[in-house]
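Residue-level listing of the chains:
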Amino acid sequence: MRGEMLALLPQLRSFARFLTGQVASADDLVQETVLRALGALEQFTPGTSMKAWLYTIARNLFYEQARHGRRERDVMSDYAHRPDQPDSAGTERADDLRDLDGAIWRLSPRLREALVLVGVQEMTYAEAARVCGVTVGTIKARVSRARAQIMEYMATGSDHSRREGE
């Protein structure tokens, strides 16, 4: 089981980065997740998804930390000043990626979380539902709304860019 947990660390770190928006905070979250998982290894049910179990622990830890004083606007503020964002002098593709990145971060935390779990982390709807503690239908609806909002934002953003260029 520990080997399976170790193999999932890169994916868990990626999920943690989407939750926190910060490299250092993501690393702290992953470390705390692994410590809690190792301490509760006897609670893991063999034959179930280790990935979903770890993501559930990480998600619960993140929200627990948020309740203790971390607000999303602080995360978003820190995210806006990250040094690892694409260079603003990049190509049109870099602009599109920045627009998409911005659109993702404009989503509500619940929609962003559902989209990341299903779209980026490639979890099934059932696994994502288990991580979030909701029904499969709720996850499907959140992913659908997230995709629709991103498409709307991207369409509005590209129209705005064209108007600025005229």
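Above: the structure in question.
Let us look at the structure shown here. (Residues numbered from 1 in each chain as written. Predicted model: local features only at pLDDT ≥ 70, side-chain atom pairs only at ≥ 80, totals over all residues. Heavy atoms only, no water.)

1. Comments concerning empty space enclosed by the protein
What counts is decided by this rule: Think of a 1 Å grid over the protein atoms and nothing else: a 1.4 Å probe that fits but is trapped marks a cavity, an open set flanked by protein within 12 Å on at least five of seven lines marks a pocket, and residues with an atom within 4 Å of a point count as lining. Grid points are joined across faces, edges and corners, and a volume is the space filled by probe spheres set on the points. Think of it this way: any DSSP run of H or I at least four residues long counts as a helix, any run of E at least two long counts as a strand, and we number them from the N terminus. Residues are grouped as follows: Ala, Val, Leu, Ile, Met, Phe, Trp, Tyr, Cys and Pro are nonpolar; Asp, Glu, Lys and Arg are charged; every other residue, Gly included, is polar. All the domain ranges listed were derived from an automatic or database domain assignment.
What the rule picks out here adds up to one cavity of 30 Å³ or more. Lining the largest cavity, in full, are Phe18, Leu19, Phe62, Tyr63, Pro109, Arg112, Glu113 and Val116. Counting residues per element, the lining of the largest cavity draws most heavily on helix H7 (residues 109–120), which supplies four residues. Classifying every residue of the lining of the largest cavity gives six nonpolar, no polar and two charged. Each of domain 1 (1–77) and domain 2 (91–165) gives at least three residues to the lining of the largest cavity.

2. Things to note about helix H3 (residues 23–39)
One turn of an α-helix holds 3.6 residues; hence residues three or four places apart share an orientation. Rules: Given a helix with a known number of residues, its expected span is that number minus one, times 1.5 Å. The buried label applies to any residue whose accessible area, calculated with a 1.4 Å probe on protein chains only, is under 20% of its type's maximum; exposed applies above 50%, and partly exposed to all values in between.
For H3, built from 17 residues, the straight-helix expectation of 24 Å at 1.5 Å per residue is met to within 8% by its first-to-last C-alpha distance of 24 Å. Every buried residue of H3 is accounted for by Ser25, Ala26, Leu29, Val30, Thr33, Val34 and Ala37.

3. Considering the pattern of salt bridges
Our working definition: A side-chain nitrogen of Lys or Arg and a carboxyl oxygen of Asp or Glu constitute a salt bridge if their distance falls within 4 Å.
This structure, assessed with the given rule, holds four salt bridges. Two residues, Arg13 and Asp27, come together in a salt bridge whose shortest N-O distance is 2.5 Å. A residue pair is termed long-range when its members are at least 10 positions apart, and Arg13 in helix H2 (residues 9–20) and Asp27 in helix H3 qualify at 14 residues. In this structure, Glu113 engages Arg59 in a salt bridge whose closest nitrogen and oxygen atoms are separated by 2.6 Å. Of the two residues, Glu113 sits in helix H7 while Arg59 sits in helix H4 (residues 50–67), which places them 54 residues apart along the sequence. Judged by its relative accessible area of 3%, Glu113 falls in the buried class. Taking relative accessible area as the criterion, Arg59 reaches 8% and is therefore assigned buried. One network of salt bridges, in which partners are shared, links Glu32, Arg36 and Glu64.

4. With respect to the environment of Pro109
Tracing the chain through its elements places Pro109 in helix H7. With relative accessibility at 31%, the residue Pro109 sits in the partly exposed group. In this structure the C-alpha to C-alpha distance between Pro109 and Phe18, which are 91 residues apart in sequence, comes to 9.8 Å.

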